[in-house]
Amino acid sequence: MPDPTETPCKTSRFFPDLPIFWQVLGMALAVLILSLAINALIVLKAPAPPPQGYTLTEAASALKTGQVKLKTGRTLRTERVSEPPAFARRQDPELAHPFEAFVRMRLAKILGVPEADVFIDGRPSRGSFSGRPGQQRWIASGPERPQSPDGPQKNRPEGPPERGADGPRDNLRMIVRDFRFQDLPESLNTQVTFPAFRAAWKQADGTWRVLIPPRPFIEPWQVNLLIGFLLTALAVTPLAFFMSRHLTRPIRALAEGARTLGFDADAAPLKARGPKEVRAATEVLNDMQVRLKKQVESRTALIAAIAHDLKTPLARLRLRIETLPEPARDKINQDIAHMDSLINSALGFASAEKMAQTLTRLDLSSLIEIVCEDNADIHEVSCGDIDENITVLGNDMAIRRIVTNLIENACRYGDGCEVILRARENMAEVVIRDHGPGMPTEALEAVFEPFYRLETSRNRDTGGAGLGLSVAQSLSLSMHGSLRLENRYEGGILSGLDAIFTLPRL
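Residues numbered from 1 in each chain as written. Predicted model: local features only at pLDDT ≥ 70, side-chain atom pairs only at ≥ 80, totals over all residues. Heavy atoms only, no water.

Asker: What's the story with the overall build of the chain in this structure? I'm lost.
Answerer: Per the secondary structure count, the chain includes 14 helices and 14 strands. Buried positions account for 38% of the 506 residues belonging to the chain. Across the chain, every contact between residues at least 6 apart in sequence was considered, and the portion connecting residues at least 24 apart equals 69%. (Helix = DSSP H or I, 4+ residues; strand = E, 2+ residues; numbered from the N terminus. Buried < 20%, exposed > 50% of the residue type's maximum accessible area, 1.4 Å probe, protein only. Contact = heavy atoms within 4.5 Å.)

Printed below as a string of structure tokens:
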């Protein structure tokens, strides 16, 4: 076994061994600052999103062909309906918004149809037009007046905005009122992107073609935000991984050391390393290990001393009963033999842990076959499927004792047994399968307690002292293995008990 004190848990040169609280707090703050910095950089450096409307030429093309691909990558579509849309029914050309009147006039001109057959719905917000520099000045919302092809307009009265039937006229309304649409350049149709608007075109057959503005699933600013989230996750993941490894390294080392101490009572104490909390836990674990070791040693020494001291009185009893009548002598000899069996079981239990302290490389397949053959002469046992070339690290005498004890129990209570050896991933499983009545579920764990007997009569002919399974489990744990009992069911009917002894494979 490797020395647990050599578990790699070096102090980081970047982070001192601060308490875990401060390290977690520092990691959280670092992740937060990095996330905010990345998203702020994206907001400040991201290019402006492309205009989301369409030109008059694109709108006219969609009305003619049914759909058109916009510069933004979206598709502008139209639909044919038999009834005019609501905005066409309620629209009065005389009271139309200047923008709607302008778009209606220009769109009808591009389509080559009368203005009476075209209806527009959509009023722009301030500053919502887009085009090449110098070509959007005529329509941008601002204090400047547009320039006509004939030169700057003169005698424009200064003062507050004029009022109309529907309220104060905005700059756009005044621009359109004073400007001659027919003098605007034709390039306006393709170079200026207008905000999305709806349009209806009455066909000769009485049907209508209605322009449907594209409804984006996600807006450009949302795309930038999602990109920021993705970049933040990509940037934060390495930092979080590094910090998590740094935080968990001493905890993993402590867990590995604690596991080693659990198997080896004589293992060296763990070295206190890492954060303050981990060092405190290590010291407590070392103190607990010392106390447990003393307690186990005291219990084992007490059992061994009592068992050893009882050998002498039993030997004297055997000598003194020689002068007794034969019937009485036989009964007393039976009692002495039973007491001697109890003493041997107690001595075996006391020495079980020491038996498995020396572990060597063993061919488990050959060893199980030999144990089966040795027990076949005195018990009803058979070798089942034995996987070949299974190698483990264990103690020869300890494994023999475990398997022999399980075979004896199976033959005593289960009417014979079958021994199976199989490889399961990184473990080797020895299964002693009997065909008896099984065991109550609540007793599957209790039978491993010292001096526990499922048969409560304490009849010397129906069982031992109740230490066999305790010794077997202690031996299996000392070799880093395990021992458990499972009831076996076939077709929903209890058909026997499986004792499963596992060891790590090499």
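Now, onward.
Asker: Please explain the sheet that holds strand β9 (residues 381-386) as it appears in this structure.
Answerer: Each strand in a sheet pairs with another by means of backbone hydrogen bonds, the pair being arranged parallel or else antiparallel. Ordered in space as β9-β11-β12-β14-β13, the 5 strands form an open sheet in which the pairing is mixed. Among the strands making up the open sheet, the edge pair consists of β9 and β13 (482-490). Geometrically, the sheet is characterised by an average inter-axis angle of 25 degrees between neighbouring strands, direction not taken into account. Bridge count for strand β11 (residues 417-424) against strand β12 (residues 427-434) is 8 bridges, and the pairing is antiparallel. (Pairing = 2+ DSSP bridges. Axes fitted to C-alpha atoms, helices over the stretch in contact; angles between N-to-C directions.)

Asker: How should I be thinking about the environment of arginine 215 in this particular structure?
Answerer: Counting through the fold element by element, arginine 215 comes out in the loop between β7 (208-212) and α7 (220-263). For the pair arginine 215 and arginine 74, spaced 141 residues apart in sequence, the C-alpha to C-alpha distance is 9.0 Å.

Asker: Would you explain the state of the cysteines in this entry?
Answerer: Disulfide: a covalent bond connecting the sulfur atoms of a pair of cysteines. The tally for this structure, following the rule as stated, stands at 0 disulfides. The thiol of cysteine 411 is unpaired, and the distance to the nearest cysteine sulfur, on cysteine 417, comes to 4.0 Å. On the basis of relative accessibility, which here comes to 17%, the residue cysteine 411 falls in the buried class. (Disulfide = S-S within 2.5 Å.)

Asker: Please explain helix α14 (residues 468-478) as it appears in this structure.
Answerer: Given 3.6 residues per turn, any residue in an α-helix points the same way as the ones three and four places further on. With 8 of 11 residues buried, α14 lies mostly within the body of the structure. Within α14 the residues assigned to the buried category are Leu469, Ser470, Val471, Ala472, Ser474, Leu475, Ser476 and Ser478. Positive phi appears at histidine 480, one or two residues downstream of α14, with a value of about 65 degrees.

Asker: Can you walk me through helix α2 (residues 56-65) in this structure?
Answerer: Among the residues of α2, those classed as buried are Leu56, Glu58, Ala59, Ala60, Ala62 and Leu63. Those residues of α2 hidden inside the fold are in contact with β1 (67-69), β2 (75-81), α4 (98-111), α6 (188-191), β6 (198-202) and β7. One or two residues past the end of α2 sits glycine 66, with phi positive at roughly 105 degrees.

Asker: Just checking my understanding: could you explain the packing of α2 against α4 for this structure?
Answerer: To describe two helices that pack against each other, one gives the angle between their axes and the distance between the axes. Contact geometry of α2 with α4 gives a least axis separation of 10 Å together with a crossing angle of 55 degrees. In terms of axis orientation, α2 runs oblique to α4. In this structure, the crossing between α2 and α4 has a hand that is right-handed. Residues Leu56, Thr57, Ala59, Ala60, Leu63 and Lys64 of α2 form the contact with α4, whose own contacting residues are Val103, Arg106, Leu107, Ile110 and Leu111. Residues of the contact of α2 with α4, tallied by class, amount to 8 nonpolar, 1 polar and 2 charged. (Parallel < 35°, antiparallel > 145°, perpendicular 65-115°, else oblique. Left-handed = near helix turned anticlockwise from the far one by under 90°. Nonpolar A, V, L, I, M, F, W, Y, C, P; charged D, E, K, R; others polar.)

Asker: Sorry if this is basic, but what is going on with the sheet that holds β7 here?
Answerer: The 5 strands are arranged β1-β2-β7-β6-β3 in an open sheet whose pairing can be described as antiparallel. The open sheet has two free edges, formed respectively by β1 and β3 (118-121), since each of these has just one partner strand. Averaged over neighbouring strand pairs, the angle between their axes works out to 15 degrees when direction is ignored. Across 4 bridges, the pairing between β3 and β6 is antiparallel. For valine 118, the partnering residue across the bridge sits in β6 and is tryptophan 201. Sitting on the sheet, α4 touches β3 and β6, and the angle it makes with β3 is about 140 degrees.

Asker: Would you take a moment to explain the nonpolar core for this structure?
Answerer: A general trend in soluble globular proteins is that nonpolar side chains are found buried together. Core analysis: the largest hydrophobic core is formed by 40 residues, its most contacted members being Ile399 and Phe501. Of the residues forming this core, the biggest block, 8 residues, is contributed by helix α12 (residues 396-413). Those residues in contact with phenylalanine 501, other than ones at most four positions away along the chain, are Ile399, Ile402, Val403, Leu406, Ala428, Glu429, Val430, Ser476, Met479, Ser482 and Leu483. (Core = buried A, V, L, I, M, F, W, Y, C linked by side-chain atoms within 4.5 Å.)

Keep in mind these numbers describe shape, not what the thing actually does.
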